[in-house]
Structure formats: C-alpha cells, structure tokens
Amino acid sequence: PAHRLRKKAGYMPQVERVDWDFPVTAGDVALMGRYNRRGFFQRTNKEDRELAGQALHRVGMYGLRDSLIGQLSVGQRRRALLARALANQPPMLLLDEPMAGLDATAQHQILDLLDELRAEGTTVILSTHDLSCVSAYCDNAACLNRKLIAYGPPSQVLNEQVLSETFGTH
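Attention here is on the structure that accompanies the text.

Cut-off values and rules
Residues numbered from 1 in each chain as written. Predicted model: local features only at pLDDT ≥ 70, side-chain atom pairs only at ≥ 80, totals over all residues. Heavy atoms only, no water. Helix = DSSP H or I, 4+ residues; strand = E, 2+ residues; numbered from the N terminus. Buried < 20%, exposed > 50% of the residue type's maximum accessible area, 1.4 Å probe, protein only. Lys, Arg positive; Asp, Glu negative; His and termini not counted. Salt bridge = Lys/Arg side-chain N within 4 Å of Asp/Glu carboxyl O. Contact = heavy atoms within 4.5 Å. Core = buried A, V, L, I, M, F, W, Y, C linked by side-chain atoms within 4.5 Å. Expected span 1.5 Å × (residues − 1). Polar contact = N/O pair within 3.5 Å; in protein donor to acceptor, adjacent residues only side chain to side chain. Axes fitted to C-alpha atoms, helices over the stretch in contact; angles between N-to-C directions. Parallel < 35°, antiparallel > 145°, perpendicular 65-115°, else oblique. Left-handed = near helix turned anticlockwise from the far one by under 90°. Nonpolar A, V, L, I, M, F, W, Y, C, P; charged D, E, K, R; others polar. Phe/Tyr/Trp six-rings, centres within 6.5 Å; stacked < 30°, edge-to-face > 60°. Lys NZ or Arg CZ within 6 Å of the ring centre and 35° of its normal. Pairing = 2+ DSSP bridges.

1. Some points on the side chain of Arg 79
Here is step 1 of the chain: Secondary-structure assignment places Arg 79 in helix α4 (residues 74-87).
Here is step 2 of the chain: No salt bridge is formed by the buried Arg 79, whose closest oppositely charged neighbour, Asp 103, lies at an N-O distance of 6.5 Å.
Here is step 3 of the chain: Filtering out sequence-adjacent residues up to four positions away, Arg 79 remains in contact with Val 59, Gly 60, Met 61, Ala 106, Gln 109 and Ile 110.

Structure below.
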C-alpha cells in the first residue's frame, strides 16, 4: 500500500511549486519530511525535530534553519528540500535533477553527500542530464527516451550510439 511505501522513500522534486513568500523556515521545510510518520492533525515531537535538525546539518543548512525559505538562494532552497527528503531516514531516495541551480562547489558537496548515503546503505535514484555526474558518481545508468534505451554501468552505457538514440542527435 502507498501509505507504507511513503515511509520508505524520500523524494526531492526538481521544482517545488510553492509560494516562496509563505512564512515557513528552512527548519519547517525539513520537518515536513517527518509528516508521513504522523497521523492527521498530530503534532511533531522532539524526535521529529531532532531528525529534521540532523538532516539540515547533513546538507549544510543547520545554521540557516530559522531563515525564511523565500529569503534563501536557489541552492539553499534545494538543500532544504533535500533535508526534507532525508529527515524521514528513508532507505531509498528519489531525486529529480538534484544539482539543478547549484554552482559547481555545491554540486560536488551534494554528490559527495549522496555517495556517503549510498555507502551507508541508502539506495539513491536520481535523474539528471549531467553525464559527467553519472559517469563519476553512479554505479548504473538508465538512458530513457519514451522507453528504456540502455541500462548498465556508465562505462558501457554512455557511448555514442546510446546517447544518439537517447537524445535524438549525435
């Protein structure tokens, strides 16, 4: 059932469709990752707040936990969304373009964090158009264009023929 699976996956969208002027802090956003552990109208508890704080710390946002989300940079917002996905301590992360809008330094920090999570046993599934990221950090790659074009280790999948079929050009 979906309600059980939600507890097993953390999700970070590419674009969050929210009112960035809504008065919510980065800490509140991270805490939202714990909501599926609560029933309707149940308040978060000390454990929830501690785990949200740990997730913020892990993504380098703990110092900005009281900052309004609308006042953060695009990269900081992305990190807050990643903290939301991590707060639930899921065994699987689904990340849609997790490096979008980040500078090179922030991208490498996120990729290093994802590598740490993977080493700890978390399954990380991400979508990206950054082929250098895939070749350097991913164990397997799936190339899609309306169907599965190829799947396997990046060294075998990222070749001219597969990429031409995937992107529709050479």
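Next comes the rest of the description.
2. Some points on the nonpolar core
Here is step 1 of the chain: By size, the foremost hydrophobic cluster in this structure holds 31 residues, and its most contacted members are Val 59, Leu 82, Leu 86 and Leu 93.
Here is step 2 of the chain: Residue contributions to this core peak at seven residues, all from α4.

3. Thoughts on helix α5 (residues 104-119)
Here is step 1 of the chain: The end-to-end C-alpha separation of α5 is 22 Å, in line with the 22 Å expected for 16 residues at 1.5 Å each.
Here is step 2 of the chain: Regarding α5, its N-cap is Asp 103, as a side-chain oxygen of that residue lies 3.2 Å from the backbone nitrogen of Thr 105 further along.
Here is step 3 of the chain: Gly 121 sits one or two residues past α5 and shows a positive phi near 110 degrees.

4. Let's talk about the packing of helix α3 (residues 46-58) against α4
Here is step 1 of the chain: Orientation of α3 relative to α4, taken along the N-to-C sense of each, is 135 degrees, at an axis distance of 8 Å. Relative to α4, the element α3 lies oblique. Along this stretch, α3 crosses α4, giving a crossing that reads as right-handed. Two secondary-structure elements touch here, α3 through Leu 51, Ala 52, Ala 55 and Leu 56 and α4 through Ala 83, Leu 86 and Ala 87.
Here is step 2 of the chain: Looking at the contact of α3 with α4 residue by residue, the classes come out as seven nonpolar, no polar and no charged.

5. What to know about the packing of aromatic side chains
Here is step 1 of the chain: Applying the stated criterion to the full structure yields zero aromatic pairs.
Here is step 2 of the chain: Taking the ring centre of Tyr 62 as reference, the NZ or CZ of Arg 65 above it sits at 3.9 Å.

6. A few points about the sheet that holds strand β3 (residues 123-127)
Here is step 1 of the chain: Read across the sheet, three strands follow the order β1-β2-β3 without closing on themselves; strand pairing throughout is parallel. A single partner strand is all that each edge strand has here, and the edge strands are β1 (9-12) and β3. For this sheet, the mean angle separating the axes of adjacent strands, direction not counted, is 15 degrees.
Here is step 2 of the chain: The pairing of strand β2 (residues 92-96) with β3 spans five bridges and is classified as parallel. Of the residues in β3, the one forming a bridge with Leu 93 is Val 124.
Here is step 3 of the chain: Sheet strands in contact with α4 are β1 and β2, and its direction is about 165 degrees off that of β1.

7. A look at the pattern of salt bridges
Here is step 1 of the chain: Applying the stated criterion across every chain, the model contains six salt bridges.
Here is step 2 of the chain: Residues Arg 58 and Glu 120 are paired through a salt bridge, measuring 2.5 Å at the closest nitrogen-oxygen approach. With Arg 58 in helix α3 and Glu 120 in the loop between α5 and β3, this pair connects stretches of sequence that are 62 residues apart.
Here is step 3 of the chain: Classification of Arg 58 by relative accessible area gives partly exposed; the value is 31%.
Here is step 4 of the chain: Shared partners join several salt bridges into a network, and the residues in it are Arg 58, Glu 116 and Glu 120.

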